[in-house]
Amino acid sequence: MEKAIMQLDNLTCPSCMQKIEGALKQQVGVSEIKVLFNAAKVKVNFDPAQTTAEKLADVVDRLGYPVKKMKVKELS
């Protein structure tokens, strides 16, 4: 498992959080999602054999929330 931590540009409302969570939950390989509204961050645990952090960032970008920075960590 890996964790992608994405810093977003314009996370402005609770409905934005729900939109992002809903779209990421539909992606194959995603096991856990946390949207930190006040920090404008999204944390996603995923199986790198099924998807990539770049694909997940692309999903968020296409929703209209540009990813400014992204860090990927391997989970033990």
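Here the structure is shown first, and the text comes after it.
In this report, the structure presented in the accompanying data block is examined. (Residues numbered from 1 in each chain as written. Predicted model: local features only at pLDDT ≥ 70, side-chain atom pairs only at ≥ 80, totals over all residues. Heavy atoms only, no water.)

## Thoughts on helix H1 (residues 14–25)
Defined as follows: Secondary structure is summarised from DSSP: a helix means a run of H or I of at least four residues, a strand means a run of E of at least two, and numbering begins at the N terminus for each. Take the residue count of a helix, subtract one, and multiply by 1.5 Å to get its expected span. Relative accessibility under 20% of the residue-type maximum defines a buried residue, over 50% an exposed one, and the middle range a partly exposed one, all with a 1.4 Å probe and only protein chains included. Directions are taken from the helix axis to each C-beta atom, and the arc is the one they span. Note on contacts: a residue pair qualifies if any of its non-hydrogen atoms lie within 4.5 Å across the two residues.
Taking 1.5 Å per residue as the helical rise, H1 with its 12 residues ought to reach 16 Å, and the 17 Å between its terminal C-alpha atoms agrees with that figure. Every buried residue of H1 is listed here: Cys16, Ile20, Ala23 and Leu24. Seen end-on, H1 carries its buried residues on one side only, within an arc spanning 95°. Relative to its buried face, H1 has exposed residues pointing more than 90 degrees away, namely Pro14, Gln18 and Lys25. Those residues of H1 hidden inside the fold are in contact with strand E1 (2–8), strand E2 (30–36), strand E3 (41–46) and helix H2 (53–62).

## Here's the deal with the sheet that holds strand E4 (residues 67–74)
As a reminder of what qualifies: Being paired, for any two strands, means DSSP has found at least two bridges between them. Here, axes are lines fitted to C-alpha atoms. For helices the fit covers the stretch in contact, and angles between N-to-C directions go from 0 to 180 degrees.
Strand order in the open sheet formed by four strands is E2-E3-E1-E4, and the pairing between neighbours is antiparallel. The open sheet has two edge strands, E2 and E4, and neither has a second partner. The sheet shows a mean angle of 15° between the axes of neighbouring strands, direction not considered. In the sheet, E1 pairs with E4 via seven bridges, with the strands oriented antiparallel. Residue pairing across strands places leucine 8 opposite valine 67, the latter belonging to E4. The sheet strands contacting H2 are E1, E2, E3 and E4, and the helix crosses E4 at an angle near 150°.

## Some thoughts on the pairing of E1
The buried fraction of E1 is high, at six of seven residues. As defined by bridge partners, E1 adjoins E3 across six bridges and the pair is classed as antiparallel. Bridge pairing in E3 places methionine 6 opposite valine 42.

## As for the environment of phenylalanine 37
Relative to the assigned elements, phenylalanine 37 resides in the loop between E2 and E3. Sequence spacing of phenylalanine 37 and leucine 11 is 26 residues, and the spatial spacing of their C-alpha atoms is 6.7 Å.

## Observations concerning the side chain of asparagine 45
In this structure, asparagine 45 sits in strand E3. Taking relative accessible area as the criterion, asparagine 45 reaches 11% and is therefore assigned buried. Residues within four places of asparagine 45 in sequence aside, it is in contact with Glu2, Lys3, Gly29, Val30, Ser31, Glu32 and Leu75.

Function cannot be read off these values alone, since they describe shape.
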